[in-house]
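Structural description and commentary
As a plain string of letters, each chain reads:
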Number of protein chains: 2
Amino acid sequence: MTRSEENYIKTIFHIGRQGQEAVSTNSIAEQMETKPSSVTDMVKKLSDKNLVNYKRYQGVSLTDLGTKVALGVIRKHRLWEVFLVEKLDFSWDEVHEVAEQLEHIKSDKLIDRLDRLLNYPKYDPHGDPIPDKDGGFEERDKKLLSEVAVGEGGVCVGVKDSSASFLKFLDKNNIALGQFIQVLEMEEFDGSLVIGIGDSTRQISHQIAANLYVKIKE
Amino acid sequence: MTRSEENYIKTIFHIGRQGQEAVSTNSIAEQMETKPSSVTDMVKKLSDKNLVNYKRYQGVSLTDLGTKVALGVIRKHRLWEVFLVEKLDFSWDEVHEVAEQLEHIKSDKLIDRLDRLLNYPKYDPHGDPIPDKDGGFEERDKKLLSEVAVGEGGVCVGVKDSSASFLKFLDKNNIALGQFIQVLEMEEFDGSLVIGIGDSTRQISHQIAANLYVKIKE
DNA sequence: ACAAATTTTTAGGCAAGGCTAAGTTTGTGT
DNA sequence: ACACAAACTTAGCCTTGCCTAAAAATTTGT
Ligand SMILES: [Mn+2]
Ligand SMILES: [Mn+2]
Ligand SMILES: [Mn+2]
Ligand SMILES: [Mn+2]
């Protein structure tokens, strides 16, 4: 597996997660900031290697083998992100770029030992689940904060958008994973929310609420 | 800098260390298990980028910029080796291959933090010095065990050959860095030595002695 | 000094992974 | 039903890094 092949597989996996149908050439190209024609070339190669199912003009989906490869790369990516935060004091908005490089290092022993060093973490710094050695992972049952009813609340367990700018915004506003957030009011006009975190209350836009996952406490 | 360029620069640095003259195309090719014609191609590219001094048929040497790049890659390689041994319990014969991959990860912050995590080590698991951020490093004054006079001894501080087979041999014979080794006898016929380590004595071939560095205790 | 051996370079190609421009196929609106 | 737009593929080209075979420069041996 080349670095490029791994990146395509990973992208196809991620796009495929939301909406189960075949993944389109264009969506892959957009995600990877490359051209559709390049995607077609690569997809043929992946198909020859039995990593994806592909019929011309019909989009693409991962085979079982392809899924295994994707989960392996994602496992590495997320473990390295944990390493960077836990052991090297990176902040959660700095880790992704470096993990994009580290995820391609080839050594089973390395990744197993890293897992052990980090104490077998189940989630990465953004709240995303880390597949285990066999590709199994627990998707937490979570809800976007924007869909939580007024009066309810939950523990913040993840972000949907994990861009540096969003993460920095959260830092600046003292919103972090693990905190209990309560929806106090919802403004009909623009969907903005008044939320309670710890002792303080804050107003956040719909945009923000629609990118924060919480685990509902009934 | 591409991965390939970094590997060439590093190789030129290493060959250049023993014997100060210009490095030959053939020696680079041999070391990198590639062909001389490929070396010529790359060397031209490196010359264009001001990383090496090159005149046709005259061999090649690193510029100041090239030396800086080489030391940067070597710093990364050796720090990762320390990480693998100290934090992930790799043995010293397993680290090189993985470090060959890790040395190309691009992130200054990563390497600085790794250095800190490891407590600013000065030497790697094979006793080789780790350049600091500015490329400075302390070459220990050391001597091959094969050149130590009978009756003298010193602390084992490094290996010349760091192939897995040699390192495994040392492990099997309980020879490790940090141990005090005394040369008790030297056999004229084949250059083999009788050495004392701790309480025991052992016979080792010239081959072995010529690949072990010790720091003489006067 | 000079022919032979060795080293190094050049010429011409190949595979991977991109791109642009030009076809095909598919889906949509009327 | 069918024209047209959008999506997708193909054709042909580029760069990087590598190769083989052939040519050129340098070194060596006598
Ligand atoms: Mn990430
Ligand atoms: Mn993440
Ligand atoms: Mn090494
Ligand atoms: Mn080493």
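Definitions and limits used
- Residues numbered from 1 in each chain as written.
- Chains lettered and ligands numbered in written order.
- Predicted model: local features only at pLDDT ≥ 70, side-chain atom pairs only at ≥ 80, totals over all residues.
- Heavy atoms only, no water.
- Donors = N, O, S within 2.8 Å, 3.2 Å for Na, K, Ca; no water.
- Helix = DSSP H or I, 4+ residues; strand = E, 2+ residues; numbered from the N terminus.
- Buried < 20%, exposed > 50% of the residue type's maximum accessible area, 1.4 Å probe, protein only.
- Near = heavy atom within 4 Å.
- Polar contact = N/O pair within 3.5 Å; in protein donor to acceptor, adjacent residues only side chain to side chain.
- Nonpolar A, V, L, I, M, F, W, Y, C, P; charged D, E, K, R; others polar.
- Contact = heavy atoms within 4.5 Å.
- Buried area = accessible area lost by both parts, 1.4 Å probe.
- Salt bridge = Lys/Arg side-chain N within 4 Å of Asp/Glu carboxyl O.
- Phe/Tyr/Trp six-rings, centres within 6.5 Å; stacked < 30°, edge-to-face > 60°.
- Least-squares fit on C-alpha atoms with pLDDT ≥ 70 in both.
- Pairing = 2+ DSSP bridges.
- Domains from an automatic or database assignment.

Moving on, we come to the coordination of the manganese ion (ligand 2). Residue and element names in this part refer to chain A. Distances from the manganese ion (ligand 2) to its protein donors, Glu-81 (OE), Asp-124 (OD) and His-126 (ND1), fall within 2.1 to 2.3 Å. For the manganese ion (ligand 2), the single-chain donor residues occur in sequence as E-x42-D-x1-H. Between the manganese ion (ligand 2) and the manganese ion (ligand 1) the interatomic distance comes to 3.5 Å, and Glu-81 is a ligand of both metals. Here Asp-124 lies in the loop between α6 (108-117) and β3 (143-144) and Glu-81 lies in helix α4 (residues 64-86), a separation of 43 residues in the sequence. Exposure remark for Asp-124: the relative accessible area of 5% places this residue in the buried category.

A few words on the protein's contact with DNA strand D. In the vicinity of DNA strand D lie 22 residues, with A:Thr40, A:Lys44, A:Tyr54, B:Ser38 and B:Lys45 positioned nearest. If you look at DNA strand D and keep only atoms within 4 Å of the protein, 77% of those are sugar or phosphate atoms. A:Asn26 places a main-chain nitrogen or oxygen 3.0 Å from a phosphate oxygen of DNA strand D. At the level of elements, α2 (25-32) and α3 (36-48) of chain A together with α1 (3-17) and α3 (36-48) of chain B are the ones that each hand at least two residues to the surface near DNA strand D. Ranked by the residues each element gives to the surface near DNA strand D, the list is headed by α3(B), at 5 residues. In terms of residue class, the surface near DNA strand D is built from 6 nonpolar, 11 polar and 5 charged.

Further remarks concern the coordination of the manganese ion (ligand 4). Residue and element names in this part refer to chain B. For the manganese ion (ligand 4), the full set of protein donor atoms is Glu-81 (OE), Asp-124 (OD) and His-126 (ND1), at a range of 2.1 to 2.3 Å. Written as a sequence motif, the donor residues of the manganese ion (ligand 4) are E-x42-D-x1-H. Taken as an interatomic distance, the gap from the manganese ion (ligand 4) to the manganese ion (ligand 3) is 3.5 Å; Glu-81 donates to each of them.

On to the interface of chain B and chain A, then. Contact residues are listed per partner, giving 22 residues for chain B and 22 residues for chain A. For the pair chain B and chain A, the summed buried area comes to about 1800 Å², and 64% of that belongs to carbon and sulfur atoms. Looking at the side of chain B facing chain A, the largest losses of area belong to B:Leu88, B:Gln101 and B:Ile105, adding up to 26% of the total buried there. One can count 4 salt bridges joining chain B with chain A. Between B:Arg116 and A:Asp89 there is a salt bridge; the shortest N-O distance is 2.6 Å. At the junction of chain B with chain A, the criterion picks out 10 residue pairs in polar contact (both at pLDDT 80 or more). Only α4 (64-86), α5 (95-102) and α6 (108-117) of chain B provide two or more residues apiece to the side of chain B that touches chain A. The element that contributes the greatest number of residues to the side of chain B that touches chain A is α6(B), accounting for 6 residues. Across the side of chain B that touches chain A, the residue classes break down as 11 nonpolar, 3 polar and 8 charged.

The next thing to look at is the packing of aromatic side chains. Pairs of aromatic rings are described using the distance from one ring centre to the other and the angle between the two planes. Tallied over the entire structure, the rule returns 4 aromatic pairs over all chains. Arranged with centres 6.1 Å apart and planes meeting at 85°, the rings of A:Trp80 and B:Trp80 form a pair that is edge-to-face. Taken as a pair, A:Trp80 in helix α4 and B:Trp80 in helix α4 lie in two separate chains rather than in one. The class for B:Trp80 is buried, based on a relative accessible area of 1%. Measuring from centroid to centroid gives 5.5 Å for B:Trp80 and B:Phe83, while their planes differ by 85°, and the two rings are edge-to-face. In this pair, B:Trp80 and B:Phe83 both sit in helix α4, 3 residues apart, roughly one turn of the helix. Judged on exposure class, the residue B:Trp80 and its partner B:Phe83 are both buried.

Right, let's talk about the relation of the copies chain B and chain A for a bit. Under the fitted operation, chain B is carried onto chain A by 0.0 Å of movement along the axis and a turn of 180°, and the coordinates agree to an RMSD of 0.1 Å. Such a combination of rotation and displacement between the chain copies is what one expects of a two-fold axis. For chain B, the minimum C-alpha distance to the rotation axis belongs to B:Leu102 and amounts to 3.9 Å. A symmetric contact is evident, with 100% of the interface residues of chain B recurring at the interface of chain A.

Residues and elements named next belong to chain B. Ordered by their spatial adjacency, 6 strands build an open sheet running β3-β8-β4-β5-β6-β7, and the pairing between neighbours is antiparallel. The open sheet has two free edges, formed respectively by β3 (143-144) and β7 (200-204), since each of these has just one partner strand. As judged from the 2 bridges shared by β3 and strand β8 (residues 212-216), these two strands associate in the antiparallel manner. If you follow Lys-143 over to β8, its bridge partner there is Val-214.

Turning next to the domain arrangement of chain A. Along its sequence, chain A is carved into domain 1 (3-62) and domain 2 (143-216). Using C-alpha coordinates to define each centre, domain 1 of chain A is positioned 33 Å away from domain 2 of chain A.

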